[in-house]
Amino acid sequence: MRREARAFSPASVGNVGVGFDILGHVIEGPGDTVTVRRIEEPVLRIAAIRGTTLDLPLEAPANTAGAALIAMRDALELPFGFEVEIDKGIALGSGMGGSAASCVAAVVAANALLDEPLSPQALYPFTLVGEAVASGGRHGDNLGPMLLGGLVLATAEHLASVPVPQGWHSLLVHPDAVLETRRARAALAGAYELKDFVHQSANLALVLAGCYQGDATLVRAGLADVLVEPRRAPLIGGFDAAKAAMLAGGAMGASISGAGPSIFGWFETRAEAQAAAPAVQAAFEQAGFTSQAWVSRIAAPGARVL
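These remarks concern the structure in this document. (Residues numbered from 1 in each chain as written. Predicted model: local features only at pLDDT ≥ 70, side-chain atom pairs only at ≥ 80, totals over all residues. Heavy atoms only, no water.)

Some points on the packing of helix α1 (residues 64–76) against helix α2 (residues 98–111)
We apply this condition: Axis geometry follows a simple rule: fit a line to the C-alpha atoms, using only the stretch in contact for helices, then measure angles between N-to-C directions, giving values from 0 to 180 degrees. A run of DSSP states H or I qualifies as a helix once it reaches four residues; a run of E qualifies as a strand once it reaches two. Both are numbered from the N-terminal end. Here is the rule for angles: anything less than 35 degrees is roughly parallel, anything more than 145 is roughly antiparallel, 65 through 115 is roughly perpendicular, and the remaining ranges are oblique. Left-handed describes a crossing in which the near helix is turned anticlockwise from the far one by less than a right angle; the clockwise case is right-handed. In this description, contact between two residues means that some pair of their heavy atoms is separated by no more than 4.5 Å.
Taken N-terminus to C-terminus, the directions of α1 and α2 make an angle of 40°; their axes are 8 Å apart at the nearest point. In terms of their interaxial angle, α1 and α2 are classed as oblique. For the crossing formed where α1 meets α2, the hand is right-handed. Here T64, A65, A68, L69 and M72 of α1 lie close against α2, whose contacting residues are S99, S102, C103, A106, V107, A110 and N111.

In C-alpha cells, the structure reads:
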C-alpha cells in the first residue's frame, strides 16, 4: 500500500476574460507541489508550507489544501488521515490560481493513496470546497483546467474540456504586485446593464465556437471582456498599456488573468507570443513594476502525480 505521494498542479488563467468564474486554462511552467502522507490517525495535518513569505494557515480547515482534503475524507468516509506539506510555486494574489493549485495538487496526491482512486471529475467537488476558503466562492474556472488540462468550461457540477488548436499559445505576464482576490471581487459590486450581459454572452459564444472550429477570426471577434475588466482594470497599474502591447503584438485578445494583476493574451503561434512579451513587460516597467512572463500552449497538461 502506497503511503506517500507528491503531485504538481500548474498555474492557470481564470475567467479568460469572457468567462467569469467558468472558463480557464492552464499555464506551463509555474505551479504548486504538495506532498501527502497517509497516516493511521483519522485527522488532517498541515505539517509545513514553504515557498511563500506570507503566513498561510496551518490549521487544516482554514487552508485551501486542508479544506479540500477534509471534504474528501468526509465524503468518502475514509478511516485514515493525511499529513500534508505544501511547496508554493505560484505567487499569492497574482491572478494565476495560486490557491486553487494547492488544493488541486493536494487532492491529486491524496487520490493516489486511495485503495480505489477517483477520476479527475470526481475530485472536482472537493477542490471547490478548498477554493471557497481562499476566495469566498465556489467557482471552478481555475480548478477545472488544473484537473483536466487545457481549456475547460467549469460549472457548479460539470467540467467540459474545450478543444483548442495545438499551435495556439498564451502569453502570461505577472507584474510584481499583489491584488487580493476578495478586493478584486469587491470591485464588481453594483448594477450592470442588460445589454452588457448580452454582449458578454455573445463574446463567450464566439470564443467557444472559435476554439471548437479552430477559427481565430471568431476568437478575435469575441475575446473582449465588457463586464469585469472595466471595473478591475483601474486596480492594476500599467494595465492599459500592457494590454495595448499584447494587441499590437498580434494577440487574438487580451485581458486580466483571474482577479489580476497578471495579464494574458492568446496568440496563433508560439513565436508571436514570445515576440510580444518584451513590449508587455516594458509597459509594466513604465508603470514602475518589474514582471515575469511565460509563454505556454493553451492545450497544456493539468495536474499530475510526480
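Moving on, there is more to tell.
Section: unusual backbone geometry
Selection rule: Type-normalised accessible area, obtained with a 1.4 Å probe on protein chains alone, sets the label of each residue: buried when under 20%, exposed when over 50%, and partly exposed for intermediate values.
Cis geometry marks the peptide bond from G260 to P261, where omega comes out at 10°. Mapped onto the elements of the fold, P261 is located in the loop between β8 (253–256) and β9 (263–267). With a phi close to 75°, N15 is a non-glycine residue in the positive phi region. Its location among the elements puts N15 in the loop between β1 (4–14) and β2 (23–39). Owing to a relative accessible area of 6%, N15 belongs among the buried residues under this scheme. The phi angle at V16 is positive, at roughly 45°, despite the residue not being glycine. Within the secondary structure, V16 is located in the loop between β1 and β2. On the basis of relative accessibility, which here comes to 0%, the residue V16 falls in the buried class.

Examining the packing of helix α9 (residues 239–248) against helix α10 (residues 270–286)
Heads up, the condition is: In the scheme used here, Gly and all other residues not listed as nonpolar or charged are polar, with Ala, Val, Leu, Ile, Met, Phe, Trp, Tyr, Cys and Pro taken as nonpolar and Asp, Glu, Lys and Arg as charged.
Close contact between α9 and α10 brings their axes to 8 Å; oriented N to C, the two are set at 170°. By the criterion of interaxial angle, the relationship of α9 to α10 is roughly antiparallel. Contacts from F239, A241, A242, A245 and M246 of α9 reach α10 at A279, V280, A283 and F284. Residues belonging to the contact of α9 with α10 are distributed by class as follows: 9 nonpolar, no polar and no charged.

Remarks on the pattern of salt bridges
Defined as follows: The term salt bridge refers to a side-chain nitrogen of Lys or Arg lying within 4 Å of a carboxyl oxygen of Asp or Glu.
For the structure on display, the rule yields 15 salt bridges. Here R50 ties to D87 by a salt bridge, and the two come within 2.8 Å at their closest N and O atoms. With R50 in strand β3 (residues 44–50) and D87 in strand β4 (residues 81–87), this residue pair connects regions lying 37 residues apart in the sequence. Look at D87 and you get partly exposed, because its relative accessible area is 26%.

Looking at the environment of L113
Inspection of the secondary structure puts L113 in the loop between α2 and α3 (120–135). Classification of L113 as buried rests on a relative accessible area of 0%. Taking the C-alpha atoms as reference, L113 lies 19 Å from A60; in sequence the two are 53 residues apart. Apart from the residues lying within four places of it in its own chain, the contact partners of L113 are M1, R2, R3, E4, A5, V36, R37, R38 and F82.

Observations regarding the packing of aromatic side chains
Going by this rule: Aromatic rings from Phe, Tyr and Trp, taking only the six-membered ring of Trp, are treated as a pair when their centres fall within 6.5 Å; an angle between ring planes under 30 degrees marks them as stacked, one over 60 as edge-to-face, and anything in between as tilted. By definition, being over a ring means that NZ of Lys or CZ of Arg is both within 6 Å of the ring centre and within 35 degrees of the ring normal.
Taken as a whole and assessed by the stated rule, the structure comprises 3 aromatic pairs. Where F80 meets F82, the ring centres are 5.6 Å apart and the plane angle is 85°; that geometry is what we call edge-to-face. Sitting above the plane of the Y192 ring, R231 keeps its charged end 3.7 Å from the centroid.

So far we have only geometry, and geometry alone does not tell us how the molecule works.
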